[in-house]
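One-letter residues, chain by chain:
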There are 2 protein chains.
Amino acid sequence: MPLSEFQLIARYFESLAPASPEHGVVLGIGDDAAILQLPPGEDLLVSIDTLVSGVHFPPTLSPRAIGHRALAVNLSDLAAMGARPLWFTLALTLPDANEAWLAAFAEGLGTLARSSGIALVGGDTTRGPLSITIQVHGAVARGTALRRDGARPGDDLWVTGRPGLSALGLRRLQAGVPDEDPACAVFVWPEPRLAFGRALVGLATAAIDVSDGLLADAGHIAERSGCAIEIEATRLPLAEGLAALGREDALALCLAGGDDYELCFTAPPSAAPSVDAAAARLGLPCRRIGRVTEGHGARCAGYSPPTTGFQHFGGSTDA
Amino acid sequence: MPLSEFQLIARYFESLAPASPEHGVVLGIGDDAAILQLPPGEDLLVSIDTLVSGVHFPPTLSPRAIGHRALAVNLSDLAAMGARPLWFTLALTLPDANEAWLAAFAEGLGTLARSSGIALVGGDTTRGPLSITIQVHGAVARGTALRRDGARPGDDLWVTGRPGLSALGLRRLQAGVPDEDPACAVFVWPEPRLAFGRALVGLATAAIDVSDGLLADAGHIAERSGCAIEIEATRLPLAEGLAALGREDALALCLAGGDDYELCFTAPPSAAPSVDAAAARLGLPCRRIGRVTEGHGARCAGYSPPTTGFQHFGGSTDA
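Residues numbered from 1 in each chain as written. Chains lettered and ligands numbered in written order. Predicted model: local features only at pLDDT ≥ 70, side-chain atom pairs only at ≥ 80, totals over all residues. Heavy atoms only, no water.

## As for the side chain of Ser76(B)
All names here are of chain B. Structurally, the position occupied by Ser 76 is in helix H2 (residues 63–80). Residue Ser 76 is classed as buried on the basis of its relative accessible area, which comes to 0%. At 2.7 Å, the side chain of Ser 76 and the side chain of Asp 209 are in polar contact. Leaving out residues up to four positions away in the same chain, Ser 76 has contacts with Pro 192, Asp 209 and Tyr 261. (Helix = DSSP H or I, 4+ residues; strand = E, 2+ residues; numbered from the N terminus. Buried < 20%, exposed > 50% of the residue type's maximum accessible area, 1.4 Å probe, protein only. Polar contact = N/O pair within 3.5 Å; in protein donor to acceptor, adjacent residues only side chain to side chain. Contact = heavy atoms within 4.5 Å.)

## Considerations on the sheet that holds strand E7 (residues 156–160) of chain B
Residues and elements named next belong to chain B. Within the open sheet, the six strands sit side by side as E8-E10-E7-E11-E9-E12. Their pairing is mixed. The sheet is open, and its two edges are formed by strand E8 (206–209) and strand E12 (297–300), each paired on a single side. The sheet shows a mean angle of 25° between the axes of neighbouring strands, taken without regard to direction. Inspection of the sheet shows E7 paired to strand E10 (residues 263–267) by four bridges, in the antiparallel sense. By the bridge assignment, Trp 158 is partnered in E10 with Phe 265. (Pairing = 2+ DSSP bridges. Axes fitted to C-alpha atoms, helices over the stretch in contact; angles between N-to-C directions.)

## With respect to the packing of H2(B) against helix H3 (residues 99–116) of chain B
All names here are of chain B. At a minimum axis separation of 6 Å, H2 and H3 run at an interaxial angle of 35°. Pair H2 / H3 crosses with right-handed handedness. Between H2, through Pro 63, Arg 64, Ile 66, Gly 67, His 68, Leu 71, Ala 72 and Leu 75, and H3, the contact on the second element is made entirely by Trp 101, Ala 104, Phe 105, Glu 107, Gly 108, Leu 109, Leu 112, Ala 113 and Ser 116. Of the residues in the contact of H2 with H3, the class split is 11 nonpolar, four polar and two charged. (Left-handed = near helix turned anticlockwise from the far one by under 90°. Nonpolar A, V, L, I, M, F, W, Y, C, P; charged D, E, K, R; others polar.)

## Some details on H3(B)
Residues and elements named next belong to chain B. Between its first and last C-alpha, H3 extends 25 Å over 18 residues, near the 26 Å set by a 1.5 Å rise per residue. Those residues of H3 not exposed but buried are Trp 101, Leu 102, Ala 104, Phe 105, Ala 106, Gly 108, Leu 109, Gly 110, Leu 112, Ala 113 and Ser 116. N-cap assignment for H3: the residue whose side-chain oxygen lies 3.0 Å from the backbone N of Ala 100 is Asn 98. Phi turns positive, to about 70°, at Gly 117, one or two residues after H3. (Expected span 1.5 Å × (residues − 1).)

## Notes on the environment of Pro237(B)
All names here are of chain B. Considering the arrangement of structural elements, one finds Pro 237 in the loop between strand E9 (228–231) and helix H8 (240–243). Under the relative-accessibility criterion, Pro 237 is labelled buried at 1%. Taking the C-alpha atoms as reference points, Pro 237 and Leu 86, 151 residues apart in sequence, are found 32 Å from one another. Pro 237 has contacts with Val 159, Gly 161, Arg 162, Pro 163, Arg 287 and Ile 289, leaving out every residue within four places of it along the chain.

## Concerning the pairing of strand E6 (residues 131–141) of chain A
All names here are of chain A. Burial within E6 is extensive, with 10 of its 11 residues counted as buried. Direction of pairing for strand E3 (residues 42–52) relative to E6: antiparallel, over a ladder of 11 bridges. Within the sheet, the bridge partner assigned to Asp 49 lies in E6 and is Ile 134. Pairing of strand E4 (residues 84–94) with E6, which is carried by nine bridges, proceeds in the antiparallel orientation. Of the residues in E6, the one forming a bridge with Phe 88 is Val 136.

## Topic: the nonpolar core
In terms of nonpolar packing, the biggest core is built from 65 residues, with Phe13(B), Leu71(B), Ile132(B), Phe196(B) and Phe265(B) touching the most fellow members. Excluding residues within four positions of it along the chain, Phe265(B) makes contact with Asp156(B), Leu157(B), Trp158(B), Thr160(B), Phe196(B), Leu200(B), Ala204(B), Ala206(B), Ala207(B), Ile221(B), Val275(B) and Cys286(B). The next biggest cluster of nonpolar side chains, apart from the first, holds 63 residues, and it includes Leu45(A), Ala65(A), Val136(A) and Ala272(A). (Core = buried A, V, L, I, M, F, W, Y, C linked by side-chain atoms within 4.5 Å.)

## Side note on the domain arrangement of chain A
Residue and element names in this part refer to chain A. Assigned domains within chain A: domain 1 (5–141) and domain 2 (156–305). Computed from C-alpha coordinates alone, the two centres of domain 1 and domain 2 are separated by 26 Å. The interface is formed by 19 residues belonging to domain 1 together with 17 residues belonging to domain 2. Surface buried jointly by domain 1 and domain 2 totals about 1,600 Å² across both partners, of which 68% is contributed by carbon and sulfur atoms. Of all residues in domain 1, Arg 69, Ala 79 and Ala 80 give up the largest surface area on contact with domain 2, accounting jointly for 30% of the area buried on that side. Seen at the junction of domain 1 and domain 2, the total is one salt bridge. Of the charged contacts, one joins Asp 259 and Arg 69 as a salt bridge, the two residues approaching to 3.6 Å between their closest N and O atoms. (Domains from an automatic or database assignment. Buried area = accessible area lost by both parts, 1.4 Å probe. Salt bridge = Lys/Arg side-chain N within 4 Å of Asp/Glu carboxyl O.)

## Structural notes on the sheet that holds strand E1 (residues 25–27) of chain A
With respect to topology, six strands assemble into an open sheet ordered E1(A)-E2(A)-E3(B)-E6(B)-E4(B)-E5(B), the strand pairing being mixed. Of all the strands in the sheet, just E1 of chain A together with strand E5 (119–127) of chain B have a single pairing partner and so form its edges. Sheet twist, expressed as the average angle between the axes of neighbouring strands with direction ignored, equals 20°. Each of strand E4 (84–94) and strand E6 (131–141) of chain B touches H3(B); the most contacted strand, E4(B), lies at about 170° to it.

## Notes on the relation of the copies chain B and chain A
Look at the two chain copies: a rotation about an axis and a shift along it is all it takes to match them. Of the transformation placing chain B onto chain A, the axial shift is 0.0 Å and the rotation is 180°, giving an RMSD of 0.0 Å. The superposition of one copy onto the other is thereby described by a two-fold rotation axis. (Least-squares fit on C-alpha atoms with pLDDT ≥ 70 in both.)

## What to know about the interface of chain B and chain A
Taken together, the 66 residues of chain B in the interface contact 66 residues of chain A. Where chain B abuts chain A, roughly 5,900 Å² becomes buried across the two surfaces, and 57% of that area is made up of carbon and sulfur atoms. Summed over the shared surface of chain B and chain A, the result is four salt bridges. Note that Asp32(A) and Arg148(B) form a salt bridge whose closest N and O atoms lie 3.0 Å from each other. Along the contact surface separating chain B from chain A lie 22 residue pairs in polar contact (both at pLDDT 80 or more). Per-element accounting of the side of chain B that touches chain A gives the leading share, nine residues, to strand E3 (residues 42–52) of chain B. Counted by class, the side of chain B that touches chain A contains 30 nonpolar, 21 polar and 15 charged residues. In the sheet, E3(A) pairs with strand E2 (residues 34–36) of chain B via three bridges, with the strands oriented antiparallel. Across the sheet, Leu45(A) pairs through a bridge with Ile35(B), a residue of E2(B).

## As for the pattern of salt bridges
On inspection of all chains with the given rule, the structure shows 26 salt bridges over all chains. In this structure, the salt-bridge partner of Glu42(A) is Arg84(A), at a minimum N-O distance of 3.1 Å. Residue Glu42(A) is found in strand E3, and its partner Arg84(A) is found in strand E4; the two are separated by 42 residues along the sequence. Residue Asp31(B) is joined to Arg148(A) by a salt bridge in which the shortest nitrogen-to-oxygen separation is 3.6 Å. Of this pair, Asp31(B) sits in the loop between strand E1 (25–27) and E2 while Arg148(A) sits in the loop between E6 and strand E7 (156–160), placing the two residues on different chains. A relative accessible area of 0% means that Asp31(B) is categorised as buried. With a relative accessible area of 7%, Arg148(A) lands in the buried category. One connected set of salt bridges, linked through shared partners, spans Asp31(A), Asp32(A) and Arg148(B).

This is how it looks when you write it as structure tokens:
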């Protein structure tokens, strides 16, 4: 008798679900709801994101990379809040129960889940066009979460990593470059900046993860904080592959490429030595790229965004 | 300048998101994650479910009914745990931003959200084939959640409402009967049994909501509790519309129709007067339909499930 599709799917995800008391999981997968215990004195952080094949990733992306990506983009939201990951739920819609696909997807998802210390506590599997929705849950000490609305004139603007490299990688992938290429690898295997986000608690005044593009995401901080943000083009940390392009193309990828999953944040100048120390300790490049001023909007002298805007329906009304 | 699709969508859902301190919502929609505070001494309950058009509801279902249904089936999971609803997140995948569709969907969703006292705290909107994923969050006093694994030999088995009526309604809808028909209305507007679920805390030993079908869901209790469940066909609360069908068809709809979103639960015989009193107080029919015994599996003498089984991929690996 063939294994039912349900059993098949459940099997792949069992190993991701250590329903252990240490995780605060009283009851995990297998009932109408999971029963969870939040550590006393902590705030709960939740964020949900959907990835649709052909919208959020190329249909040719490997199932292992899709599994990684689906969790990584959600963990990146927790990183931007300075939160410690606790639990996630997975709503998976699949055209069919392809065993090889599921095994690879679960491996990509599970490897990142284990290294991030996040437990799968619930799920739903549905037949339909491929899409993956994950909700992540994290915790921070009460009142210490990093938000978008705390930037103040006089603060510095910072960014981690090499924004634009991911967009360059996507461009190369679409041109048929194999995903071992370093830029391609940045797109295919985004690394949520969890440890760095936690290190920013008490240092940063506002933070966001760079998914829509550096300029647009800095704009979200400006809007929520009621101030302006000026990015200095000469300070942008252009990766080698970007610097080799023409200046205009390099700036566009760096400022508007998106899918970077780096952290963009503001902090008072007095915090700069501590930010540098955290970056050095975690081995993550982190650069001051601008400042917060009176006014509104985010801009970068020498760069004009296309008038049609980058806003695309495939993006998200994040929360 | 036309309103951007994002603003359009955000507008419809703003009214559902009362980010009030009474709800424990420190920060709702608009940041990388929502910041939430769970009442001290309570357990957190979470459940996620996806509805795909053409799989979980007929593509002809009205957007108002789809909005209601997407939240109702999730609230039903909280009802089955005896939980008080707190917050929900919405991941909506849409082929396009049709304003009339969104307004009606938000109305159906919002009406049920307000009457259930649940606040929208986060979301994601994506372009793609229509599907709706909702995660609900609820709370119960620590250690009091109703689970599937507490049934004991000697307990009675109970069910609320009129299982099978929803499946009859779906059959009629598919035959072109208008949705004012009472059976159709039961399918189109499922009512999560939240108040009754809370009343069962301290009375029921195990509970589940009836989504896969009464016999299959009783089977889930039996499996998790390590015992057997015997349903007595003569005790089944057949609705008028069902009783009018032949006995075999009526039994099949009642025991395996699914989509009922009634509560099926076990309780010791000593709890029967309290269960009856709660049912009378809440005006919800509730009937003893069988009992828990030693052994395994759930069965109903006089009814044989089709050998191919009802397990369908469109269902869920619930959690």
